[in-house]
Amino acid sequence: MSIKRITRHLLQHHWRAKRVFPKGVLDRIEQAIKRGEAMHSGQVRFVVEGALDGGPLFRNQPARERALDVFSHLRIWDTAHNNGVLIYLLLADRDVEIVADRGIDAKVDVKRWEQICRAMEAEFGSSQFERGVIGGIEAVSQELARHFPPQEPHRNELPDAPVVM
C-alpha cells in the first residue's frame, strides 16, 4: 500500500469529480452515449469515481478490481445480448478501465480495449477530461457497431446518464 496513493485519494476525494465533471459536461457525455447507442444494439455506461475510501482504499484495491465491482453493482451484465460495456474512471489515479460483458468481450481483443483506455488517459493528462471521455465513448461505440449493429426497435436497457461516485 502506497502512502502517496492513500494521500492522493484522501485529498482529492469526491469533490474533485464534481468539479471536473459539472452538470453541463455530464449532459454532453450522456448525449454522446445516446448518439453511440443509436449506432449499435449494445449498452454503454460511464462511471467516474473521484477517489476510493474506506475498505477499498486501505485494501489498496486496484482500479480494475473496483471497475469489476461497479460493473456488477450497476448490473451492466444484465443485457439481452450480453453486450454491456462500462467505461470506469478512477479520477484520483487517472486510471481508466473498460469492462465488457462476455458477448462483446469475446469479439474485441483486450488490446483494443487497452488502446481506448490509454487514449483517454492521454487526454486526461492534458486536463481534457470531457474530450477524453467522449472520445472513449465513440471508440467503444465503433466496436459495438462493428459486432452488434442496431436492431429495431431500439431498446435502451440501461440508463445513459453518467454516474458520479
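That block above? That's the structure.
Residues numbered from 1 in each chain as written. Predicted model: local features only at pLDDT ≥ 70, side-chain atom pairs only at ≥ 80, totals over all residues. Heavy atoms only, no water.

1. With respect to the pattern of salt bridges
The condition is simple: We define a salt bridge as a contact between a side-chain nitrogen of Lys or Arg and a carboxyl oxygen of Asp or Glu at a distance within 4 Å. Each helix corresponds to a stretch of at least 4 residues labelled H or I by DSSP, and each strand to a stretch of at least 2 residues labelled E; elements are numbered beginning at the N terminus. Relative accessibility decides the category of a residue: with a 1.4 Å probe and only protein chains considered, values under 20% of the type maximum give buried, values over 50% give exposed, and everything between is partly exposed.
Tallying each qualifying case throughout the model produces 13 salt bridges. In this structure, R66 engages E49 in a salt bridge whose closest nitrogen and oxygen atoms are separated by 2.9 Å. One end of the pair, R66, is in helix α5 (residues 63-73); the other, E49, is in strand β1 (residues 43-49), and 17 residues separate them in sequence. Relative accessible area serves as the criterion here: at 16%, R66 is assigned to the buried category.

2. Quick word on the pairing of β1
Convention followed: At least two DSSP bridges between two strands are needed for those strands to be called paired.
β1 sits mainly inside the fold: 7 of its 7 residues count as buried. Sheet topology places β1 next to strand β2 (residues 84-90); 7 bridges connect them, and they run parallel. Among the inter-strand pairings, V48 is bridged to a residue of β2, identified as L89. Two strands pair when backbone bridges link them, and β1 and strand β4 (residues 163-164) are joined in this way by 2 bridges, in the parallel orientation. If you follow V47 over to β4, its bridge partner there is V163.

3. Regarding the environment of E37
For clarity, the cut-off: When checking whether two residues touch, look at their non-hydrogen atoms; a contact exists if any pair is within 4.5 Å.
With respect to the helices and strands, E37 occurs in helix α3 (residues 23-37). According to the relative accessible area criterion, E37 is buried, its value standing at 1%. Setting aside residues up to four positions removed in sequence, E37 forms contacts with G42, Q43, V44, H154, N156 and D160.

4. Concerning the side chain of D160
Put simply, the rule reads: The term polar contact refers here to a pair of N or O atoms within 3.5 Å; inside protein, the definition further demands a hydrogen-donor-capable atom paired with an acceptor-capable atom, and it admits residues adjacent in sequence only when both atoms are side-chain atoms.
Among the structural elements, D160 can be located in the loop between α8 (129-147) and β4. Accessibility expressed as a relative area gives 5% for D160, which makes it buried. In this structure the side chain of D160 is engaged in a polar contact, spanning 3.3 Å, whose partner is the side chain of K34. Here the side chain of D160 touches N156 through a polar contact of 3.1 Å, side chain to side chain. Those residues in contact with D160 that sit more than four places away from it in its chain are E30, I33, K34 and E37.

5. Describing the sheet that holds β2
Threshold: All axes are obtained by fitting lines to C-alpha atoms, using only the stretch in contact for helices, and the reported angles, taken between N-to-C directions, cover 0 to 180 degrees.
The strand order across the open sheet formed by 4 strands is β3-β2-β1-β4, and the pairing between neighbours is mixed. The strands lining the two open edges of the sheet, one partner per strand, are β3 (95-100) and β4. Its contacts with the sheet put helix α7 (residues 110-125) on β2 and β3, and the angle it makes with β3 is roughly 150°. On the sheet, α8 packs against β1, β2 and β3 and is oriented at approximately 160° with respect to β2.

6. Side note on the packing of α7 against α8
Rules: The labels follow the angle: roughly parallel below 35 degrees, roughly antiparallel above 145, roughly perpendicular from 65 to 115, and oblique for the rest. Each helix crossing is assigned a hand: it is left-handed if the near helix lies turned anticlockwise from the far helix by less than a right angle, otherwise right-handed if that turn is clockwise. Residues were grouped as follows: Ala, Val, Leu, Ile, Met, Phe, Trp, Tyr, Cys and Pro as nonpolar; Asp, Glu, Lys and Arg as charged; and all remaining residues, including Gly, as polar.
The geometry of α7 relative to α8 is characterised by a closest axis approach of 7 Å and an angle of 165° between their N-to-C directions. Our classification of the angle between α7 and α8 gives roughly antiparallel. Between α7 and α8 lies a crossing of right-handed hand. Residues R112, W113, I116, M120, E123 and F124 of α7 lie in contact with α8, whose contacting residues are F129, R131, G132, V133, G136, A139, V140 and E143. Here the residues of the contact of α7 with α8 are counted per class, giving 8 nonpolar, 2 polar and 4 charged.

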